Amino acid sequence: MTNGAKTPVVAITQARMDTSSGAALKRSWSALAAQRASRNEKRNMNTFKRRVRMAFLAGIVLIAAMLPGALCVLFAPGVDERVAAAREAAALESYVVRMIDTGAIRLTANTSVAAPPRLFAYFPVAGFAVTAMPENANPARRAYGATSAASAPETSEATFVERLRALPWTWLLAGVAAGLTLSAWLGLFMVRRLSPLGQLSDAVRQHQFIVAYQPIVDLTTRRCIGAEALVRWKHQNRIVRPDHFIPLAEHRGLIQAITDQVFDTVLLELGEFLHRYKELYVSINLSAADLTSRRFLERLTPALAAAQIAPQQIRIEATERCFLDADAAKEVIQAFRDAGHPVYIDDFGTGYSSLSHLQNFQVDALKIDKSFIDTVGQDAASSSVASHIIDMALTLHVQVVAEGIEREEQACYLHTRGAQFGQGWLFSAPLTAPDFIRYVGRGLTTV
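Please read these numbers as outputs of a predicted model, since none were measured by experiment.

**What about the overall build of the protein?**
Summing up its helical and strand segments, the protein has 17 helices and 9 strands in all. Taken across its 447 residues, the protein has 36% of its residues classed as buried. When contacts within the protein are restricted to residue pairs at least 6 apart in sequence, those whose partners lie at least 24 apart make up 70%.

Pasting the structure below:
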């Protein structure tokens, strides 16, 4: 009896669970379908905008191709006189044909004309009707005078087709050639302006780059000791990540101008703050072009002296791409260190020659790449790479900065293994200059 009493309750409970799970499943499917529909709608809208933009540009190029020819038709010299003469000849032809048809003019048998138009090729002016016909020859003569007077229009009344027929071939060909040249130049200009390289060049000229500061903390005290300056491109109200434009800038020789703008922005936004707190620093990433010459160092030294910022407060980060010319890079790195700027190897461990670089170049610290930090605490083949890099750095008396720390267990593991500093979303996301100042201020007040 007890089991029989429980059976309906269990069945009802199970039915409710199935109903609730089914409803949840339906809601999840509905949300997923709505998300897909929104994504498809956004994609379709972007495609539509792109097609409208391309159609608009094609229309501009077509207008540019046709405009010179139209101008030649409208403003070529001598066309108005040709149109007036053609109209007069047509009126005269019509008059004489009517005279022949009515018998007012008789052609003799020995008149050799193949067609009436040839007869009037020698009389393109209206005066022919007056000199060739007496005043009282026929009432049709007066009709011709009235017709010719009415059909001899002013210059402004000439139609575009008439002007085109009367246009000399040289002017027509010149207009077509000018149109093709103008359209080709305009198309090339638009392609260059709309290409990634053209947009990046415009961004350099218009100073569209901003700087975000990601705090670097001491793993022992969790106090902020500095920041890495991360460049961002603000393009059409959206932020473009550096890995999307830095390779192009390096390939096209724009990276040095971007580096200069980053340094100028750091001085403008944090110059006074760094002057006040000498224990803080900002690290700036340099390209291969600036690590094979002393251009940036020669620009850096007087600017820091004018802002009264210590050299050790601006630190240099170099990736393995900067070490292609090892001899030149070694000399420039030593020049930076002699001037008081510590030098870091960024993204250490990702290149095939990281160990040789650590042996050949005298640097002050290395930054472990995020890809090795992500595997900390996981059962992966590269989970122990970070600890080996730390051990090697300690042996060479080089400091370690761990990048991309996102979990507390990662920070604790790296600290116990001997890493001194770290950065990542566990501590803070990249910040604007005012937010970074407030972030540092909170750490100063708690110490």
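**Describing the environment of L219**
Within the secondary structure, L219 sits in the loop between β1 (209-218) and β2 (224-235). Note: C-alpha distance between L219 and V401 (182 residues apart in sequence) is 9.5 Å. Non-local contacts of L219, meaning those with residues more than four positions away in its chain, are made with I405, A411, L414, H415, A419, Q420, F421, G422 and F427.

**Considering the pairing of strand β4 (residues 281-286)**
In regular strands, side chains alternate between the two faces of the sheet. Buried residues dominate β4, accounting for 5 of its 6 residues. Looking at chain direction, β2 and β4 are connected through 3 bridges and run parallel. Paired with E228 across the bridge in β4 is S283. Pairing of β4 with strand β5 (residues 314-318) involves 5 bridges; the strand directions are parallel. From the neighbouring strand, V282 faces β5, where its bridge partner is I314.

**Some words on the pairing of strand β8 (residues 399-402)**
Pairing between strand β7 (residues 365-368) and β8: 4 bridges, direction parallel. Paired with I368 across the bridge in β8 is A402. Across 2 bridges, β8 lies against strand β9 (residues 421-422) in parallel orientation. Paired with A402 across the two strands is G422, which belongs to β9. Running through helix α16 (residues 408-417), the crossover from β8 to the neighbouring parallel element β9 is right-handed.

**Some remarks on helix α9 (residues 242-251)**
All of the buried residues along α9 are F245, I246 and A249. Angular distribution of buried residues about the axis of α9 spans 110°; they occupy a single face of the element. Exposed and facing more than 90 degrees away from the buried side of α9 are H244 and H251. In this structure, the buried residues of α9 make contact with α8 (196-206), β1, β2, β3 (238-240) and α10 (255-276).

**Some details on the pattern of salt bridges**
One pass over the full model with this rule turns up 16 salt bridges. Its salt-bridge partner being D202, residue R205 comes within 2.0 Å of it at the nearest N-O pair. With R205 and D202 both in helix α8 and 3 residues apart, the pair spans about one turn of that helix. Across the salt bridge formed by R295 and D260, the nearest N and O atoms sit 2.9 Å from each other. Remark: D260 occurs in helix α10 and R295 occurs in helix α11 (residues 295-307); sequence separation between them is 35 residues. By sharing partners, the salt bridges in this structure join E228, E317, K367 and E403 into a single network.

**As for unusual backbone geometry**
The backbone of H207 shows a phi angle near 55°, a positive value even though the residue is not glycine. Summarising the element assignment, H207 is placed in the loop between α8 and β1. Look at Q308: it is not a glycine, yet its phi comes out positive at around 60°. Among the structural elements, Q308 can be located in the loop between α11 and β5. The exposure class assigned to Q308 is partly exposed, which follows from its relative accessible area of 49%.

**A look at the nonpolar core**
In this structure, F336 and L366 are the most contacted members of the largest nonpolar core, which totals 74 residues. For this core, the leading source of residues is α10, giving 8 residues. Residues in contact with L366, not counting those within four places in the same chain, are I345, F348, L358, I389, A393, V398, Q399, V400 and V401.

**Description of the packing of helix α15 (residues 385-395) against α16**
In contact at an axis separation of 10 Å, α15 and α16 are set at 35° when each is read in the N-to-C sense. Here α15 runs over α16; the crossing is right-handed. Every residue of α16 that contacts α15 at A386, S387, I390, D391 and L394 is listed here: Y413, L414 and R417. Grouping the amino acids of the contact of α15 with α16 by side-chain chemistry returns 5 nonpolar, 1 polar and 2 charged.

**Overview of the packing of aromatic side chains**
If you walk through the whole model with that rule in mind, you get 6 aromatic pairs. One aromatic cluster is present, formed by F209, W233 and F245 through successive ring pairs. The ring of Y281 has R315 lying over it, and the distance from NZ or CZ to the ring centre is 3.8 Å.

Calculation criteria
- Residues numbered from 1 in each chain as written.
- Predicted model: local features only at pLDDT ≥ 70, side-chain atom pairs only at ≥ 80, totals over all residues.
- Heavy atoms only, no water.
- Helix = DSSP H or I, 4+ residues; strand = E, 2+ residues; numbered from the N terminus.
- Buried < 20%, exposed > 50% of the residue type's maximum accessible area, 1.4 Å probe, protein only.
- Contact = heavy atoms within 4.5 Å.
- Pairing = 2+ DSSP bridges.
- Right-handed = clockwise from strand over helix to strand, strands pointing away.
- Arc of directions from axis to C-beta.
- Salt bridge = Lys/Arg side-chain N within 4 Å of Asp/Glu carboxyl O.
- Core = buried A, V, L, I, M, F, W, Y, C linked by side-chain atoms within 4.5 Å.
- Axes fitted to C-alpha atoms, helices over the stretch in contact; angles between N-to-C directions.
- Left-handed = near helix turned anticlockwise from the far one by under 90°.
- Nonpolar A, V, L, I, M, F, W, Y, C, P; charged D, E, K, R; others polar.
- Phe/Tyr/Trp six-rings, centres within 6.5 Å; stacked < 30°, edge-to-face > 60°.
- Lys NZ or Arg CZ within 6 Å of the ring centre and 35° of its normal.

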